[in-house]
Amino acid sequence: MFNVQDIRNDFPILSRKVNGKPLVYFDNAATSQTPQQVIDAIVDYYSNYNANIHRGVHTLSQEATDLYEQARKKIQAHFNAKFSHEIVLTSGTTHSINLVANGFSSILKKGDEIIVSALEHHSNIVPWQMLCEQTGAVLKVIPMNEDGALIMDDYDNLLSKNTKLVFVNHISNALGTINPIEYIIEKAHQVGAAVLIDGAQACPHIKPDVQALDVDFYVASAHKMCGPTGVGMLYGKEEWLNKLPPYQGGGEMIAEVTFEKTTYADLPHKFEAGTPNIAGGIVFGAAIDYMNSIGFDVIATYENDLLDYATEKLLQIEGLKIYGTSKSKTSVISFNLENIHPYDIGTILDKLGIAVRTGHHCAQPIMDFYCIPGTVRASFSFYNTKEEIDALVEGVKKAKMMLS
Ligand code: PMP
């Protein structure tokens with residue numbers, strides 16, 4: 001039985017004060033908070049197992065290696081990958097996307113087409129632009145509508161035999177829109193294109209099944225799912241990971257090195273040059289265990305309730321506009337107050353102990369679409385409460401009074 005007070009007790013940071021007020025943390029889409037179980041796993045690693053992995057015969061190194069590889073298996077099971085070597089541990093979503101983009105630089109030719117969406121985070125735009133500059137490939141964009149949903153008829157028209165890659169986020173970080181990725185993947189495969197789904201915003205709310213999706217690449221960051229910063233994952237179908245060249249050269253990723261020629265290690269080590277974030281990888285596994293112990297169905301039901309409650313309350317404030325009104329969305333509310341800069345609202349909310357994000361949320365094309373400089377974004381997690389939403393609503397009313 002889900003009891004939010006019990007859950008909140010797992011998160012030490014939630015009992016701290018900010019500017020003399022109880023912290024209300026609504027910046028979960030930027031990074032989630034860390035439960036004691038995950039903090040304990042970090043302490044346990046450094047207290048008992050700290051050693052470099054994969055190369056030592058000594059006990060500590062073997063134990064650390066076992067823990068690291070167990071974490072990989074946990075991630076494999078969570079995403080339902082067929083093989084654990086289809087999971088590459090990276091420093092996060094950005095690193096995972098760049099790894100794939102770099103790999104495609106040796107595959108794409110002039111005139112090939114890449115499709116992204118209007119809802120992308122900059123980390124799912126810039127690497128593809130760089131790839132286009134390098135290869136002469138052309139970037140095409142699936143447009144969005146006023147509700148913040150992608151226009152699928154236009155996507156159908158963009159697809160052709162020239163389409164080689166499609167990159168779309170599972171959920172938009174700026175608006176919370178859940179994209180129809182099943183449809184996007186199926187249609188891309190019909191023209192022979194590969195698909196990468198950016199799951200950075202989906203994984204805190206949804207448990208993706210990469211085999212059921214039949215997706216070619218799926219990427220995520222641990223720090224959005226109660227885990228540490230600086231670690232994330234790339235799922236790639238075995239055949240694709242075998243096709244892509246290594247991203248970085250160095251130790252760990254080789255089979256044999258001579259000055260004449262180097263051969264590369266098998267998957268996934270081919271993509272894991274150098275000493276990785278060992279503690280991070282192991283603790284990513286602990287974060288996945290924590291989230292699964294609550295259950296993603298329970299999380300989704302609770303967060304949807306928070307979203308409905310907050311949407312209704314905020315819309316009662318005159319002059320408040322919510323961006324991203326698609327029916328299919330997660331617990332993210334991006335909004336503005338008429339004639340007031342989002343930064344000013346965020347600053348007043350911070351004085352009240354309420355953490356929201358203001359600005360373009362690394363998604364400038366979305367802000368350009370709405371002709372605004374940015375929004376105030378409140379993003380809710382399963383450890384937030386309706387009382388905290390009431391505090392936000394009162395805070396926004398206060399900001400409105402002070403600033404208009
Ligand atoms: N894609 C999306 C949709 C995101 O929300 C983020 C993080 N804001 C990223 C990519 C980048 O993730 P990271 O900074 O962890 O690499």
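Per an unreviewed UniProt entry, the recorded name for the protein is Cysteine desulfurase, and the organism is Flavivirga eckloniae. Taken directly from UniProt, the Function (unreviewed entry) text for the protein runs: "Catalyzes the removal of elemental sulfur and selenium atoms from L-cysteine, L-cystine, L-selenocysteine, and L-selenocystine to produce L-alanine." A UniProt comment under Sequence similarities (unreviewed entry) is attached to the protein, and it reads "Belongs to the class-V pyridoxal-phosphate-dependent aminotransferase family. Csd subfamily."

**Student:** Please explain the pattern of salt bridges as it appears in this structure.
**Tutor:** Oppositely charged side chains can form a pair if their charged atoms are brought close together. With the rule as written, the count across this model stands at 13 salt bridges. Here Asp-27 ties to Arg-357 by a salt bridge, and the two come within 3.0 Å at their closest N and O atoms. Taken together, the residues span a long stretch of sequence, with Asp-27 in the loop between strand E3 (24-25) and helix H2 (36-48) and Arg-357 in strand E16 (residues 357-359) at a distance of 330 residues. Asp-27 sits in the buried class, given a relative accessible area of 8%.

**Student:** I would appreciate a short explanation of the packing of aromatic side chains in the present structure.
**Tutor:** Centre distance and the angle of the planes are the two values used to describe a pair of aromatic rings. Under the criterion given, the structure shown has 14 aromatic pairs. Centre to centre, the rings of Phe-11 and Phe-382 are 6.2 Å apart; their planes meet at 65 degrees, and the pair counts as edge-to-face. One end of the pair, Phe-11, is in the loop between helix H1 (4-9) and strand E1 (17-18); the other, Phe-382, is in the loop between strand E17 (375-379) and helix H14 (386-403), with 371 residues separating them in the sequence. When the centroid spacing of 5.0 Å and the interplanar angle of 75 degrees are considered together, the rings of Tyr-45 and Tyr-46 count as edge-to-face. Joined through ring pairs, the aromatic side chains of Phe-11, Tyr-290, Phe-382 and Tyr-383 make up one cluster. Here the guanidinium or amino end of Lys-243 rests over the ring plane of Trp-240, the centre of that ring lying 4.2 Å away.

**Student:** Explain the UniProt feature "domain: Aminotransferase class V" (unreviewed entry) in the protein to me, please; I cannot follow it from the model alone.
**Tutor:** Per the UniProt record, "domain: Aminotransferase class V" (unreviewed entry) is annotated on residues 24-392. Across residues 24-392, helical content stands at 39% and strand content at 18%; the span's end C-alpha atoms are separated by 8 Å.

**Student:** Is there a simple way to explain the pairing of strand E9 (residues 217-221) in this structure?
**Tutor:** Summarising burial for E9: five of the five residues are buried, a large majority. Neither face of E9 is left uncovered, since the one carrying Phe-217, Val-219 and Ser-221 and the one carrying Tyr-218 and Ala-220 both have all their residues buried. Of the strand pairs in this sheet, strand E8 (residues 194-198) and E9 are connected by three bridges, and their pairing is parallel. Residue pairing for E9: Leu-196 is matched across the bridge by Phe-217. Here five bridges tie E9 to strand E10 (residues 232-236), and the two strands are oriented antiparallel to one another. Note that in E10 the partner of Ser-221 across the bridge is Gly-232.

**Student:** Help me understand the sheet that holds strand E13 (residues 320-323) in this model?
**Tutor:** Pairing between the strands of a sheet is mediated by backbone hydrogen bonds and can be parallel or antiparallel. In space, the four strands of this open sheet follow the order E13-E14-E17-E16, with antiparallel pairing throughout. Of all strands in the sheet, those with a lone pairing partner are E13 and E16, marking the two edges. On average, each strand axis in the sheet is inclined to that of its neighbour by 30 degrees, with strand direction left out of account. With three bridges joining them, E16 and E17 adopt antiparallel strand pairing. Of the residues in E17, the one forming a bridge with Gly-359 is Thr-375. Against the sheet, helix H11 (residues 296-315) touches E13 and strand E14 (332-337), its axis set at about 10 degrees to E14. Running at roughly 45 degrees to E17, helix H12 (residues 342-351) makes contact with E14, E16 and E17 of the sheet.

**Student:** I keep staring at the site of the ligand and nothing clicks. Help me out?
**Tutor:** Contacts to the ligand come from Thr-93, Thr-94, His-121, Ser-123, Asn-173, Asp-198, Ala-200, Gln-201, Ser-221, His-223 and Lys-224. Take Asp-198: an N or O atom from its side chain is 2.5 Å from a nitrogen atom of the ligand. Lys-224 has a polar side-chain atom sitting 2.7 Å from a nitrogen atom of the ligand. For the ligand, whose free accessible area comes to 390 Å², the fraction covered by protein is 84%.

**Student:** Sorry if this is basic, but what is going on with the domain arrangement of the protein here?
**Tutor:** Entries for the protein in the domain assignment read domain 1 (4-30 + 295-403) and domain 2 (39-293). Its C-alpha centre places domain 1 at a distance of 28 Å from the equivalent point of domain 2. Residue-level contacts link 35 residues of domain 1 with 35 residues of domain 2. Summing the contributions of domain 1 and of domain 2, the shared interface buries around 2700 Å²; its carbon and sulfur component is 58%. Area buried by domain 1 at its contact with domain 2 is led by Phe-296, Thr-330 and Ile-366, which between them contribute 24% of it. In this structure, the connection of domain 1 to domain 2 is made through zero salt bridges. If you look at where domain 1 meets domain 2, you find 19 residue pairs in polar contact (both at pLDDT 80 or more). Going through the elements one at a time, H11, E13, E14 and helix H13 (364-370) are the ones with two or more residues in the side of domain 1 that touches domain 2. Sorting elements by how many residues they give to the side of domain 1 that touches domain 2 places H13 first, with six residues. Residue composition of the side of domain 1 that touches domain 2, grouped by class: 19 nonpolar, 11 polar and five charged.

**Student:** Help me understand the packing of helix H3 (residues 59-79) against helix H10 (residues 278-294), please; the structure alone is not making it clear to me.
**Tutor:** Relative orientation and spacing of two packed helices are given, respectively, by the angle between their axes and the distance between those axes. Remark: H3 packs on H10, axes separated minimally by 8 Å, with the N-to-C direction vectors making an angle of 40 degrees. Viewed along their axes, H3 and H10 adopt a mutual orientation that is oblique. Crossing handedness for the pair H3 and H10: left-handed. Residues Ala-64, Leu-67, Tyr-68, Ala-71, Lys-74, Ile-75 and His-78 of H3 form the contact with H10, whose own contacting residues are Ile-278, Gly-281, Ile-282, Phe-284, Gly-285, Ile-288, Asp-289 and Asn-292. Split into classes, the residues belonging to the contact of H3 with H10 amount to nine nonpolar, four polar and two charged.

Scoring rules and cut-offs
- Residues numbered from 1 in each chain as written.
- Predicted model: local features only at pLDDT ≥ 70, side-chain atom pairs only at ≥ 80, totals over all residues.
- Heavy atoms only, no water.
- UniProt positions renumbered as here; feature names shortened; annotations may be inferred.
- Salt bridge = Lys/Arg side-chain N within 4 Å of Asp/Glu carboxyl O.
- Helix = DSSP H or I, 4+ residues; strand = E, 2+ residues; numbered from the N terminus.
- Buried < 20%, exposed > 50% of the residue type's maximum accessible area, 1.4 Å probe, protein only.
- Phe/Tyr/Trp six-rings, centres within 6.5 Å; stacked < 30°, edge-to-face > 60°.
- Lys NZ or Arg CZ within 6 Å of the ring centre and 35° of its normal.
- Pairing = 2+ DSSP bridges.
- Axes fitted to C-alpha atoms, helices over the stretch in contact; angles between N-to-C directions.
- Contact = heavy atoms within 4.5 Å.
- Near = heavy atom within 4 Å.
- Polar contact = N/O pair within 3.5 Å; in protein donor to acceptor, adjacent residues only side chain to side chain.
- Areas by Shrake-Rupley, 256 points an atom, 1.4 Å probe, with all protein chains shown as cover.
- Domains from an automatic or database assignment.
- Buried area = accessible area lost by both parts, 1.4 Å probe.
- Nonpolar A, V, L, I, M, F, W, Y, C, P; charged D, E, K, R; others polar.
- Parallel < 35°, antiparallel > 145°, perpendicular 65-115°, else oblique.
- Left-handed = near helix turned anticlockwise from the far one by under 90°.

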